[in-house]
Amino acid sequence: MKMKGSKRASILKFVKITVVFFAGFILACVLFVLILIVNFSKAEMKERNQMQTRLLCEIDHQTLLKACRELSRRVSAGDLESGKYYIRMHPDRQASQFPRAIMDLAPNYVYIDENDSRRVMLEMRGGLDHFGVMAYAEGYTKPNHQYKYGDKELIPGLWYYDDGYIDNPEYDNSQYDKAIEELIQKA
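Not measured: the values here are computed from a predicted model.

(A) Layout of unusual backbone geometry. With a phi close to 50°, His90 is a non-glycine residue in the positive phi region. Secondary-structure assignment places His90 in the loop between strand E1 (83-86) and helix H3 (100-105). For His90, a relative accessible area of 69% translates into the label exposed. Although it is not a glycine, Ala106 sits at a positive phi angle of roughly 55°. Here Ala106 is to be found in the loop between H3 and strand E2 (109-112).

(B) Up close: the side chain of Arg74. Mapped onto the elements of the fold, Arg74 is located in helix H2 (residues 61-77). At 4.3 Å, Glu70 is the nearest oppositely charged side chain to Arg74, a buried residue that forms no salt bridge. Among all residues touching Arg74, those that are not within four sequence positions of it are Asp79, Leu80, Gln97 and Phe98.

(C) Up close: the layout of surface pockets. One number sums up the size of the largest pocket: a volume of about 170 Å³. As for the largest pocket, its lining consists of ten residues, and the residues nearest its centre are Gln52, Tyr176, Ala179, Ile180 and Leu183. Elements with a contribution of two residues or more to the lining of the largest pocket: helix H1 (2-58) and helix H5 (173-186). Counting residues per element, the lining of the largest pocket draws most heavily on H5, which supplies six residues.

(D) Highlighting the packing of aromatic side chains. In the structure shown here, the tally under the stated rule is eleven aromatic pairs. Seen from their ring centres, Phe21 and Phe22 are 5.5 Å apart, and the 70° between their planes marks the pair as edge-to-face. Exposure remark for Phe21: the relative accessible area of 53% places this residue in the exposed category. Here Tyr149 and Trp159 contribute two aromatic rings whose centre-to-centre distance is 5.5 Å and whose plane-to-plane angle is 20°, an arrangement assigned as stacked.

(E) View of the pattern of salt bridges. In the structure shown here, the tally under the stated rule is four salt bridges. Among the salt bridges present, the one from Asp104 reaches Arg100, with a minimum N-O distance of 3.2 Å. One end of the pair is Asp104 and the other is Arg100, both in helix H3 and four residues apart, which spans about a single turn. Of the residues examined, Asp104 reaches a relative accessible area of 44% and is grouped as partly exposed. The salt bridge partner of Arg119 is Asp113, with a shortest N-O separation of 2.6 Å. On the accessibility criterion, Arg119 (12% relative accessible area) is buried.

Scoring rules and cut-offs
Residues numbered from 1 in each chain as written. Predicted model: local features only at pLDDT ≥ 70, side-chain atom pairs only at ≥ 80, totals over all residues. Heavy atoms only, no water. Helix = DSSP H or I, 4+ residues; strand = E, 2+ residues; numbered from the N terminus. Buried < 20%, exposed > 50% of the residue type's maximum accessible area, 1.4 Å probe, protein only. Lys, Arg positive; Asp, Glu negative; His and termini not counted. Salt bridge = Lys/Arg side-chain N within 4 Å of Asp/Glu carboxyl O. Contact = heavy atoms within 4.5 Å. 1 Å grid on protein atoms, 1.4 Å probe; cavity = no way out; pocket = protein on both sides within 12 Å on 5 of 7 lines; lining within 4 Å. Points joined across faces, edges and corners; volume = space filled by probe spheres on them. Phe/Tyr/Trp six-rings, centres within 6.5 Å; stacked < 30°, edge-to-face > 60°.

So, in structure tokens, the structure goes:
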């Protein structure tokens, strides 16, 4: 009888040790994944902030607008098709001929509106966090009265857009606009 109790205690001890070991292993795995996610998020935010700073503060907006208008003219002339041209990942062959101001900015893609609307969009970030610029040809007219050019006019014809204007519950548009303006002023 003592053997059975002793054997049972040994098995119970083994089960407890195994459960504790696996619980610790699972906890370590979860913590490791959380650390990876936090570090990835920090790296993503740093990259986003650098891209936003470059777009708003470091690039010559007049040169960028001129480059976008050149693309618009090329579409109107039939030298280039309207549509989406990837720049950063899986670059389109034709995009390598885009003006240097656009290529140096390295947007995710350039979108040139179809139907000769003469609007060019540079999407810096996509997915869950969109921002970039919209460039309009001289004399561009809104397709309808509800059309919004962008969120912030950088210079006449070049508008900044950012999901932060609509997706930030702690800000209203004027507060987010003030934060963007402060970023521009720091440069």
